[in-house]
Protein chains: 2
Amino acid sequence: MKQFRLNAFDMACVGHIQHGLWTHPRDRSTEYASLDHWLSLARTLEAAGFDALFLADVLGVYDVLGGTPEAAIRNAVQVPLIDPVPLIPAMASVTATLGFGVTCNLAYEQPFAFARRMSTLDHLTGGRVGWNIVTGYLDSAARATGHSAIMAHDDRYDLAEEFMDAVYALWEGSWADDAVRADRAAALYADPARIRPVHHHGKQYRIDAMHLCAPSPQRTPVLYQAGASERGRAFAARHAECIFVNPSTPAHVRTLVADLRARAAPRPLKVYVGATVVVGRTAKEAADKYEDYRRHVSVRGALAHAAASLGIDFDAFAPDEPVRAPDNAIGIKSNIDAVSKQLGPDWTVRDLERHFVLGARQKPIVGSPQEVADRLIEWAEQADIDGFNLARTVIPECLEDVGALLTPILRERGALAPAGQGTYRQRLFGAGDRLAAPHPAALHRW
Amino acid sequence: MKQFRLNAFDMACVGHIQHGLWTHPRDRSTEYASLDHWLSLARTLEAAGFDALFLADVLGVYDVLGGTPEAAIRNAVQVPLIDPVPLIPAMASVTATLGFGVTCNLAYEQPFAFARRMSTLDHLTGGRVGWNIVTGYLDSAARATGHSAIMAHDDRYDLAEEFMDAVYALWEGSWADDAVRADRAAALYADPARIRPVHHHGKQYRIDAMHLCAPSPQRTPVLYQAGASERGRAFAARHAECIFVNPSTPAHVRTLVADLRARAAPRPLKVYVGATVVVGRTAKEAADKYEDYRRHVSVRGALAHAAASLGIDFDAFAPDEPVRAPDNAIGIKSNIDAVSKQLGPDWTVRDLERHFVLGARQKPIVGSPQEVADRLIEWAEQADIDGFNLARTVIPECLEDVGALLTPILRERGALAPAGQGTYRQRLFGAGDRLAAPHPAALHRW
């Protein structure tokens, strides 16, 4: 049987993917800015058998719908949103093995300071950190950070290639493995002959400096990526160790996964698909829970999110008018294709709204523990994937449900990959702490 | 009696101010990259009666001495160095009242993302965070981040003024106090009419965006600053709530403090001076401890640090040759003046080295609890200051000594300001959580 892993997919805000559920009386997502909320979440995840917590992030607001962020603000659609990075060491302090993935958009970072921040996380978590490489697609984020408009898609990937080269040089190439001596008797902390400056003189960045951090357990954090365009897949095949894939059908995902694995070969890839589960002790309990949750869905919130991710202002269309993406849409092209595949070529806003069953386009898996386990096992086998990113519904109960009802049966059936020992990379790939050749990061080694 | 506060002055690295002491067998500073180290430190500080932990930071290395970072690397002089920001929420999770100050150099930050990071810290700590505003003086930091050389001194303050204006607008002006409604029944999370975008179109930054974070307890973090030049003092008088002052003599500091208070009036200022104490149960025990510590001092490390902060390569001078600062020295001019005041106009490298009594220029206060308390009380009275930033020597014992021996007697004598309730700003100033007029931040309010 194909073993797989469960990541919790979350974001440091009220509404992440399933919009409107914050209004449920048992939901605690409005406590997103409290430390206790995250410490408790981390403990719950580790106890529930999750492999890692994955934190999404954006540096802008969803203001495509009606040309304003109004619907996003009213429905807490990823706004307000705090910085996920400072949460991670605190959560690491109350867990032993849970991995932490975090999204950082490289378009708004300086590689030198960013490299230090990630090395810091890797040190403090004992090598439990992953980075989801994002190049950004929000015009509002560009306007927030002094750019007049977002860069063209392929330019973003050029920038990303250069950024990766710079941070690999800092993480992998600046300090030799044996640079730190910490020899009290000789009064020698580190050996200058085993540390070298990085000289990166590129089109976008210029660095003449040694990395400020001593070697952390993994050096380069575990690299996640989610690009689905041609250029995005090429980038992922070159850099990513783990890939997020949109769930469509197992057969379609299988084709995509085969393509990604072939491109990355001989490097192994872990592929995760997004999923939402509603599990109850019985099918009836699950169905009732699902109906209860559904009463709290915000269709308008889901529409605000979809408008931004597709780059289409749905308010410009009548409810039954076929939606056409503008020529200059800045949304993710593959998202538009996915919707057309799901709803047909002449889909309308009304069609789309009908698909927001739980406040998002993603259809949840609802059922008894056996039913949900069957469905996940089937998905993993058929699509040849390595894990699921489970989006939250009503927290913390949806995570507690996974721990109490789902992971025991997945374990019983041998479907859940064991947590394993060591750094996050070691646990995922069973090999060393560090990226190995032919990964481009390994070229920067001493 | 003038009451005062104790800050612990530290940095997320091995050697901070007193260089070489990491070689002492009881010193634990080599554990700077471990989370447990910082959690334990935070607990120790709170138990010992410290008011706040202040974390210094630089984004470069000390490479002025001999034109290389060799001496800094060998002696762990602020390198390696991790990012202090991610430490703060973890430390907040194990303490109740301890404040956290952190240095961030605005020259290497984008105001939009930086404002979110600080709001995040303020939320997660429940309003216990302060920011030490630094505009930077290291050429190596400029070269690390893509600048060919550091900006001229006054240009840095122009940049800083604009940066402050932008972050005040985000922190204080974007969300009205009542913007967040979190009304489940009405399915209204926040009121769009009570949130507005910031439009900052300046010389250096351009922002057209709402702040991503809902109002945090303090909004603007407590503002620290340490500028001593004419332009630095003017900046401090306009923006800072707390000021760090170099310790010279109480009389000299008193004059400086009077000037700063007069410039800031009617706003109150808290002024802190740096100090190093070595306290023992008896004068003899303290003297023995001091001698024991001194055997571990790194003169070369102290010289590397001083060379960078003064902008003078001491290796270019014979040991007994009077040192002259180059015309284009990029060090802090007031640091050079302070050394000349301390050592006389024709000081030599040998003179300077003689003053590195504990691995830094700062002369420690050594004695029994009574003696050290007397000295601090006298200093606070004579110099009219509000607190001390105590540099570490051998950790954690130097902090445990303060808790066991010094704070009890300071409390007994009524010299220690009570910890107080509420946010860090409230505890310091006894007024509200937020900056009040005539502070320029208050101008951005709704």
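Everything below is about the structure shown above.
Residues numbered from 1 in each chain as written. Chains lettered and ligands numbered in written order. Predicted model: local features only at pLDDT ≥ 70, side-chain atom pairs only at ≥ 80, totals over all residues. Heavy atoms only, no water.

Chemist: Honestly, the interface of chain A and chain B in this entry has me stumped. Any pointers?
Modeler: Much of the literature gives interface size as the accessible area that the parts lose upon coming together. Listed by partner, the interface residues are 69 residues for chain A and 69 residues for chain B. Summed over both sides, the interface of chain A with chain B buries roughly 5,700 Å², with 66% coming from carbon and sulfur. Broken down residue by residue, the surface that chain A buries against chain B is led by Arg116, Arg184 and Tyr189 of chain A, which jointly contribute 14%. Our count for the chain A to chain B interface comes out at 4 salt bridges. Put simply, Arg117 of chain A and Asp83 of chain B hold a salt bridge, and the shortest N to O gap is 3.7 Å. Listing elements by their share of the side of chain A that touches chain B, those giving two or more residues are α1 (35-48), α2 (70-74), α3 (87-92), α4 (111-124), α5 (139-144), β5 (180-183), β6 (188-190) and β8 (206-209) of chain A. In terms of residue count, α4 of chain A provides more of the side of chain A that touches chain B than any other element does, 8 residues in total. (Contact = heavy atoms within 4.5 Å. Buried area = accessible area lost by both parts, 1.4 Å probe. Salt bridge = Lys/Arg side-chain N within 4 Å of Asp/Glu carboxyl O. Helix = DSSP H or I, 4+ residues; strand = E, 2+ residues; numbered from the N terminus.)

Chemist: Would you take a moment to explain helix α13 (residues 369-383) of chain B for this structure?
Modeler: Because an α-helix completes one turn every 3.6 residues, residues spaced three or four positions apart along the sequence face the same direction. Residues and elements named next belong to chain B. For α13, with 15 residues, the first-to-last C-alpha span of 21 Å sits near the 21 Å given by 1.5 Å per residue. Among the residues making up α13, those that are buried are Pro369, Val372, Ala373, Leu376, Ile377, Trp379, Ala380 and Ala383. Buried residues of α13, viewed axially, fall in a sector of 160 degrees; they line one side. In this structure, the buried side of α13 is in contact with α8 (250-264), β11 (270-275), β12 (277-279), β13 (365-367), β14 (387-391) and α14 (397-412). A positive backbone phi angle near 55 degrees is found at Asp384, which sits one or two residues after α13. (Expected span 1.5 Å × (residues − 1). Buried < 20%, exposed > 50% of the residue type's maximum accessible area, 1.4 Å probe, protein only. Arc of directions from axis to C-beta.)

Chemist: Got a minute to help me understand the packing of aromatic side chains in this structure?
Modeler: The geometry of an aromatic ring pair is captured by the separation of the ring centres together with the interplanar angle, meaning the angle of the planes. All names here are of chain A. As enumerated under the stated definition, the model contains 30 aromatic pairs over all chains in all. A centroid spacing of 6.1 Å and a plane angle of 75 degrees characterise the contact between Trp131 and Trp171, whose relative ring orientation is edge-to-face. Note that Trp131 is positioned in strand β4 (residues 129-134) and Trp171 in helix α6 (residues 153-173), a separation of 40 residues in sequence. We classify Trp131 as buried; its relative accessible area is 0%. Residue classification places Trp171 among the buried residues on the basis of a relative accessible area of 3%. Through a chain of ring-to-ring contacts, three or more aromatic side chains come together here, namely Phe9, Phe54, Tyr224, Phe244 and Tyr272. (Phe/Tyr/Trp six-rings, centres within 6.5 Å; stacked < 30°, edge-to-face > 60°.)

Chemist: Which parts of the structure should I look at to understand the nonpolar core?
Modeler: In this structure, Trp131 and Phe388 of chain A together with Trp131 and Phe388 of chain B are the most contacted members of the largest nonpolar core, which totals 275 residues. With residues near it in sequence (within four places) discarded, Phe388 of chain B still touches Phe4, Arg5, Leu6, Asn7, Tyr272, Val273, Ala275, Leu376, Trp379 and Ala380 of chain B. (Core = buried A, V, L, I, M, F, W, Y, C linked by side-chain atoms within 4.5 Å.)

Bear in mind that shape data such as this cannot, by itself, settle questions of function.
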